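Commentary on secondary and tertiary structure
Letter by letter, the chains look like this.
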Amino acid sequence: MNDAAREDWISRPVDHPLRGELEIPGDKSVSHRAVMLAALADGTSRIDGFLEGEDTRATARAFARMGVRIDTPSPSSRIVHGVGLHGLTVPDSEIDCGNSGTGMRLLAGLLAGQAFDSVLVGDESLSRRPMRRVTDPLAQMGAAIATEPNGTPPLRIRGGQSLHGIRYALPVASAQVKSALLLAALYADGTTEIAEPHPTRDYTERMLAAFGWPIEHEPGFARLEGGHRLRATDVGVPADFSSAAFFIVAASIVPDSDLLLRGVGLNPRRTGLLRVLAAMGADIQVTNARDEDGEPLGDLHVRHAPLRGMDVPVDAVSDMIDEFPALFIAAACARGRTRIRGAAELRVKESDRIAVMARGLRNLGIEVAEFDDGADIEGGALRGGTVDSSGDHRVAMSFALAGAVAREPVMISDCANVATSFPGFIESIRSIGADVAPRATSIR
């Protein structure tokens with residue numbers, strides 16, 4: 001992402017329902033992991049449904065810089081010629097992870113076991129994100145990773161370390177930290193066991209098994225031993241539930257709307273938003289449910305329904321951590337109060353999502369009380385106004401939904417990072433009847 005580029009949006013109210021069928025882009029989490037494991041496997045893997053976003057492309061470029069041949073036979077497809085667990089070569093300079101916290105944290109674990117030194121850098125937003133939550137447990141395994149004094153990137157990883165397995169209880173549930181430790185454990189002597197306070201998404205565990213690595217896992221726990229090999233396999237990437245979430249909420253809040261979203265990933269550690277919206281009164285049906293490449297997916301049929309506020313169950317938080325910006329908009333449109341607690345993780349995402357969403361909703365006339373680990377949101381009528389996304393892709397897309405039901409247009413600033421996870425978002429949402437458009441491109 002070029003930090004000099006800035007894109008602002010305008011989202012105008014609509015007086016008609018949102019209708020149509022959509023195919024959502026591929027899952028970002030799965031795309032990252034598919035490239036990583038395919039690169040380390042013996043043999044050639046094909047990935048179909050790969051997300052053509054800036055974050056996932058940055059991960060693919062990182063492995064190309066380390067000697068992995070990656071072909072692009074067609075858009076959203078990659079053929080990865082694996083080099084084996086110990087076949088990566090020294091990158092000629094720093095590895096740029098762009099805006100991707102997932103890419104940086106997972107690469108930190110993977111690179112901790114290499115024979116060569118490496119440096120991971122990111123854009124302005126990623127360079128402010130905390131990394132000690134992953135570097136500290138990696139150090140317990142024997143890794144040598146230096147951060148800035150405040151624990152932020154760049155990450156300077158010293159190669160040639162002897163890693164050993166550990167038993168680690170995550171203090172805060174995090175799929176990224178868990179995955180970094182599992183990737184480091186591929187290179188470690190002995191067994192690594194990870195316990196979570198709440199179960200998180202298990203894409204890494206499922207994909208390791210698909211690539212032939214013996215692993216034991218259940219919700220909240222994973223165990224594996226080092227010393228095995230990864231075998232090439234073909235991966236079909238489901239549609240990204242986090243990207244589908246914006247359309248689920250849009251159809252729920254715009255009167256008379258009726259949308260069909262095809263082939264959406266329905267990993268149970270990812271779909272807490274469905275559970276919460278259903279409790280709020282949303283009309284969402286799952287059809288054509290099936291399993292592909294070990295991942296559950298299905299079609300989502302969403303119709304407008306009046307929503308009511310609720311206390312979001314704390315045990316749902318880790319299963320919907322990326323969907324909270326969209327939920328904030330649903331809560332603003334619901335009758336009564338929605339109470340969110342146990343979501344302190346939102347403070348250290350691409351932005352402080354609690355603060356940024358609260359500030360934006362207040363600018364649009366919604367009463368929000370902010371807490372360290374959540375917020376109380378009083379449903380009401382959204383007026384028009386200007387909100388700052390703080391360069392957070394999910395915040396920008398969420399406020400685009402707000403504009404559809406506001407009394408006046410909503411202006412959203414700093415939206416360029418949407419390209420990291422959902423290139424083509426504006427075209428997709430306009431195709432179902434929303435009125436969202438870029439305002440202008442300026443230079444900071």
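Check the entry above for the structure.
Residues numbered from 1 in each chain as written. Predicted model: local features only at pLDDT ≥ 70, side-chain atom pairs only at ≥ 80, totals over all residues. Heavy atoms only, no water.

1. Regarding the overall build of the protein chain
The helix and strand tally for the protein chain stands at 12 helices and 23 strands. Relative to its length of 444 residues, the protein chain is compact, with a C-alpha radius of gyration of 21 Å against a globular reference of 22 Å. Along the first, second and third principal axes, the C-alpha set of the protein chain runs to 60 × 45 × 40 Å. In the protein chain, buried positions account for 59% of the 444 residues. Total accessible area on the protein chain stands at roughly 15800 Å², and carbon and sulfur atoms take up 47% of it. (Helix = DSSP H or I, 4+ residues; strand = E, 2+ residues; numbered from the N terminus. Rg over C-alpha atoms; globule rule 2.2 N^0.38 Å. Buried < 20%, exposed > 50% of the residue type's maximum accessible area, 1.4 Å probe, protein only. Areas by Shrake-Rupley, 256 points an atom, 1.4 Å probe, with all protein chains shown as cover.)

2. Considerations on the pattern of salt bridges
In total, this model carries 40 salt bridges according to the counting rule given. For glutamate 205, the salt bridge goes to lysine 178, with nearest N and O atoms at 2.7 Å. Remark: lysine 178 occurs in helix α5 (residues 175-185) and glutamate 205 occurs in helix α6 (residues 203-210); sequence separation between them is 27 residues. Per residue, the accessibility class of glutamate 205 equals that of lysine 178, and both read buried. Note that aspartate 322 is salt-bridged to arginine 201, the shortest N-O span being 3.3 Å. On the criterion of sequence distance, the pair formed by aspartate 322 in the loop between β17 (295-303) and α9 (324-332) and arginine 201 in the loop between β11 (191-195) and α6 is long-range, its members being 121 residues apart. Summarising the burial analysis for this pair, aspartate 322 and arginine 201 share the class buried. By sharing partners, the salt bridges in this structure join Arg129, Arg201, Asp322, Lys349, Glu350, Arg353 and Asp392 into a single network. (Salt bridge = Lys/Arg side-chain N within 4 Å of Asp/Glu carboxyl O.)

3. Digging into the side chain of glutamine 176
Locating glutamine 176 in the fold gives a position in helix α5. You can call glutamine 176 buried: its relative accessible area is 13%. Setting aside its immediate chain neighbours within four residues, glutamine 176 contacts Gly101, Thr102, Arg105 and Leu106. (Contact = heavy atoms within 4.5 Å.)

4. Digging into helix α7 (residues 241-253)
Taking 1.5 Å as the rise per residue, α7 with 13 residues should run 18 Å; its terminal C-alpha atoms sit 18 Å apart, in good agreement. Burial analysis of α7 places 13 of its 13 residues in the buried class, which makes it a mostly covered element. (Expected span 1.5 Å × (residues − 1).)

5. Considerations on the packing of helix α1 (residues 28-40) against α6
For the pair α1 and α6, interaxial distance at closest approach is 10 Å and the crossing angle is 35°. Between α1 and α6 lies a crossing whose hand is right-handed. When α1 is examined against α6, the residues Ser29, Val30, Arg33, Ala34 and Leu37 are found in contact with a partner set consisting of Tyr203, Thr204, Met207 and Leu208. (Axes fitted to C-alpha atoms, helices over the stretch in contact; angles between N-to-C directions. Left-handed = near helix turned anticlockwise from the far one by under 90°.)

6. Structural notes on the sheet that holds strand β9 (residues 155-158)
Spatially, four strands are ordered β6-β7-β9-β8 in an open sheet, and the strand pairing comes out mixed. Every interior strand has two partners, whereas the edge strands, β6 (95-96) and β8 (144-146), have only one. Two elements, β6 and strand β7 (residues 118-121), share two bridges in a ladder whose sense is parallel. Bridge pairing links isoleucine 95 to leucine 120 in β7. Each of β6, β7, β8 and β9 touches helix α3 (residues 101-111); the most contacted strand, β7, lies at about 175° to it. (Pairing = 2+ DSSP bridges.)

7. Points about the side chain of arginine 33
Its location among the elements puts arginine 33 in helix α1. Here arginine 33 sits buried without a salt bridge, and the closest side chain of opposite charge, glutamate 205, lies 6.4 Å off (N-O distance). There is a polar contact of 3.2 Å between the side chain of arginine 33 and the side chain of serine 179. Excluding its chain neighbours within four sequence positions, the residues that come into contact with arginine 33 are Thr102, Leu106, Ala175, Ser179, Tyr203, Thr204 and Met207. (Lys, Arg positive; Asp, Glu negative; His and termini not counted. Polar contact = N/O pair within 3.5 Å; in protein donor to acceptor, adjacent residues only side chain to side chain.)

8. What about the packing of α9 against helix α10 (residues 353-363)?
Running from amino to carboxyl end, α9 crosses α10 at an angle of 30°, the nearest separation of the two axes being 10 Å. In terms of crossing hand, the pair formed by α9 and α10 is right-handed. In this structure, α9 contributes Pro325, Phe328, Ile329 and Ala332 to the contact, and α10 contributes Arg353, Met357, Ala358 and Leu361. Among the residues forming the contact of α9 with α10, the class breakdown is seven nonpolar, no polar and one charged. (Nonpolar A, V, L, I, M, F, W, Y, C, P; charged D, E, K, R; others polar.)

9. Section: unusual backbone geometry
With omega at 5°, the peptide bond leading from proline 153 into proline 154 counts as cis. Its location among the elements puts proline 154 in the loop between β8 and β9. The backbone of serine 76 shows a phi angle near 70°, a positive value even though the residue is not glycine. As for its position among the elements, serine 76 is in the loop between β4 (69-71) and β5 (77-83). By relative accessible area, serine 76 is classed as partly exposed at 28%.

10. Observations regarding the environment of arginine 353
Following the sequence through the fold, arginine 353 ends up in helix α10. A sequence separation of 334 residues divides arginine 353 from arginine 19, and the C-alpha atoms of the two residues are 29 Å apart. If sequence neighbours within four positions are ignored, arginine 353 has contacts with Ile321, Asp322, Pro325, Leu346, Asp392, His393, Arg394 and Val395. Within the structure, arginine 353 has its side chain in polar contact with the side chain of glutamate 350 (distance 2.9 Å).

11. Topic: the sheet that holds strand β18 (residues 337-340)
Taken together, three strands build an open sheet; the order of strands is β18-β20-β19 and the sheet is antiparallel. The sheet is open, and its two borders are formed by β18 and β19 (367-371), each paired with just one other strand. Direction aside, the axes of adjacent strands within the sheet are offset by 10° on average. Bridge count between β19 and strand β20 (residues 374-378): five bridges; the pairing is antiparallel. Across the sheet, the residue bridging to phenylalanine 371 is glycine 374, located in β20. Most of the contacts of α10 go to β19, to which it runs at about 160°, and overall it touches β19 and β20.

12. Thoughts on the environment of aspartate 319
If you trace the backbone, aspartate 319 turns up in the loop between β17 and α9. Note: C-alpha distance between aspartate 319 and threonine 233 (86 residues apart in sequence) is 27 Å. With residues up to four places along the chain from it excluded, the contact list for aspartate 319 reads Pro199, Pro268, Arg269, Arg270, Thr271 and Gly272. Side-chain polar atoms of aspartate 319 contact the side chain of arginine 269, separated by 2.9 Å.

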